[in-house]
Amino acid sequence: FGHLSFIYAGTGDFEKAIDASDKAISLLKRKGIGANIVMGEIYPVVVSVDRNTPSEKAGLKRGDRIINIGDRDLRLYRESKDIIQMLVDYISSNDTVKLTIHRDNSADLKKIELKPEEFLKPEASQALAFKAIILRVKGNYPEFENLTTKAYELNPEDKLAEIAMALLKTDTGSFNEALEFLEKAGKDVHGSLILLIRPLVYAQAGQMNKAKELHREIPEELLKTKNTLYRVLLDEIKRALHDKQLN
């Protein structure tokens, strides 16, 4: 669905592009506690905790060993059950998850209660960011800001989320931050999109020599593209170059 969103945006059918993005996002939803857990030597061990999830909110940390689920000592089931599957079944079948954990450098066990939630996997950040860019093209700036922020919070390492953040900071006049996000994203990601957004951000930031240099680097075939999304960005670059030059 993410690929379909890109195709629809290129033809100018932004509503279908948004619908395809929504479908891609829905496939990346899951209900759980937001922790990646593997089987250790004796007990399950937390190897990572996702951002903005029940596990993070409850204070679960990497390296925590899960001793009990509910009132069951997992050590007693090592020989008879798949402990990880047992843990998955417990989480999926309870509205409140009660864990007893042991943390390194602590002599005490800690009890944690979590409520499983439906949340997005970090991979959804790309679909969110692309949908945000489409909404910006359509002039829906409040929702563009909302989804861009959500995409970046979901996965700060996602390059498309960084590109969307660069646009957002540009639109709000935070040009130094915009350039930082742009440089963090790099110049070799998302092909034509980054080739167009880089000169746009530099032009809006008033760095005209750099903007013109980047504009000259845009391949001839991209300048002549019939892709509607790209044409919108190209027109915006021309306006920015012209307006800033006048000022």
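Below or above, wherever it landed, is the structure these notes cover. No experiment lies behind these values; they were computed from the predicted model shown.

Rules used in this analysis
Residues numbered from 1 in each chain as written. Predicted model: local features only at pLDDT ≥ 70, side-chain atom pairs only at ≥ 80, totals over all residues. Heavy atoms only, no water. Helix = DSSP H or I, 4+ residues; strand = E, 2+ residues; numbered from the N terminus. Rg over C-alpha atoms; globule rule 2.2 N^0.38 Å. Buried < 20%, exposed > 50% of the residue type's maximum accessible area, 1.4 Å probe, protein only. Contact = heavy atoms within 4.5 Å. Areas by Shrake-Rupley, 256 points an atom, 1.4 Å probe, with all protein chains shown as cover. Lys, Arg positive; Asp, Glu negative; His and termini not counted. Charge placed at Lys NZ, Arg CZ, Asp CG, Glu CD. Axes fitted to C-alpha atoms, helices over the stretch in contact; angles between N-to-C directions. Parallel < 35°, antiparallel > 145°, perpendicular 65-115°, else oblique. Left-handed = near helix turned anticlockwise from the far one by under 90°. Pairing = 2+ DSSP bridges. Arc of directions from axis to C-beta.

1. Some details on the overall build of the protein
Stage number 1. Check the secondary structure of the protein and you find 12 helices and eight strands.
Stage number 2. In summary, the protein has a C-alpha radius of gyration of 23 Å against a globular reference of 18 Å for 247 residues, an excess of more than 25%.
Stage number 3. Each principal axis of the C-alpha atoms in the protein carries an extent, and together these give about 75 × 35 × 30 Å.
Stage number 4. Looking at the 247 residues of the protein, the share that counts as buried comes to 43%.
Stage number 5. Intrachain contacts of the protein at a sequence separation of at least 6 include 53% that bridge at least 24 residues.
Stage number 6. If you sum the accessible surface of the protein, you get close to 13200 Å²; carbon and sulfur atoms cover 47% of it.
Stage number 7. Each charge sign in the protein was given a centre, from 38 positive and 38 negative side chains, and these centres are 1 Å apart.

2. A look at the environment of Glu162
Stage number 1. For Glu162, the location among the structural elements is in helix 7 (residues 159-171).
Stage number 2. By relative accessible area, which is 0% here, Glu162 ends up buried.
Stage number 3. Here the alpha-carbon distance between Glu162 and Tyr152, two residues 10 residues apart in the chain, equals 6.8 Å.
Stage number 4. When residues no more than four places from it in sequence are discounted, the contact partners of Glu162 are Tyr152, Pro156, Glu157, Phe181, Lys184 and Ala185.

3. Overview of the packing of helix 2 (residues 14-26) against helix 5 (residues 125-137)
Stage number 1. Their axes nearest at 9 Å, the elements helix 2 and helix 5 cross at an angle of 160°. When the interaxial angle is binned, helix 2 and helix 5 end up roughly antiparallel. The handedness of the crossing between helix 2 and helix 5 comes out as left-handed. Counting all contacts with helix 2, which are made through Phe14, Ala17, Ile18, Ser21, Asp22, Ala24 and Ile25, the residues of helix 5 involved are Ala127, Leu128, Phe130, Lys131, Ile134, Leu135 and Val137.

4. Some words on the pairing of strand 3 (residues 44-49)
Across a regular strand the side chains alternate sides, sitting on one face of the sheet and then on the other.
Stage number 1. When strand 2 (residues 35-39) meets strand 3, the two strands line up antiparallel, connected through five bridges. Across the sheet, Asn36 pairs through a bridge with Ser48, a residue of strand 3.
Stage number 2. Between strand 2 and strand 3, which pair antiparallel in sequence order, lie four residues.

5. A closer look at helix 8 (residues 175-185)
Stage number 1. Of the positions making up helix 8, those classed as buried are Ala178, Leu179, Phe181, Leu182 and Ala185. All buried residues of helix 8 project into a common sector of 160° when viewed along the axis, lining one side. Within helix 8, the exposed residues directed more than 90 degrees away from the buried face are Asn176 and Glu180.
Stage number 2. In this structure, the buried side of helix 8 is in contact with helix 6 (141-154), helix 7 and helix 9 (191-204).

So, to be careful, I would describe these as geometric facts and stop short of saying anything about function.
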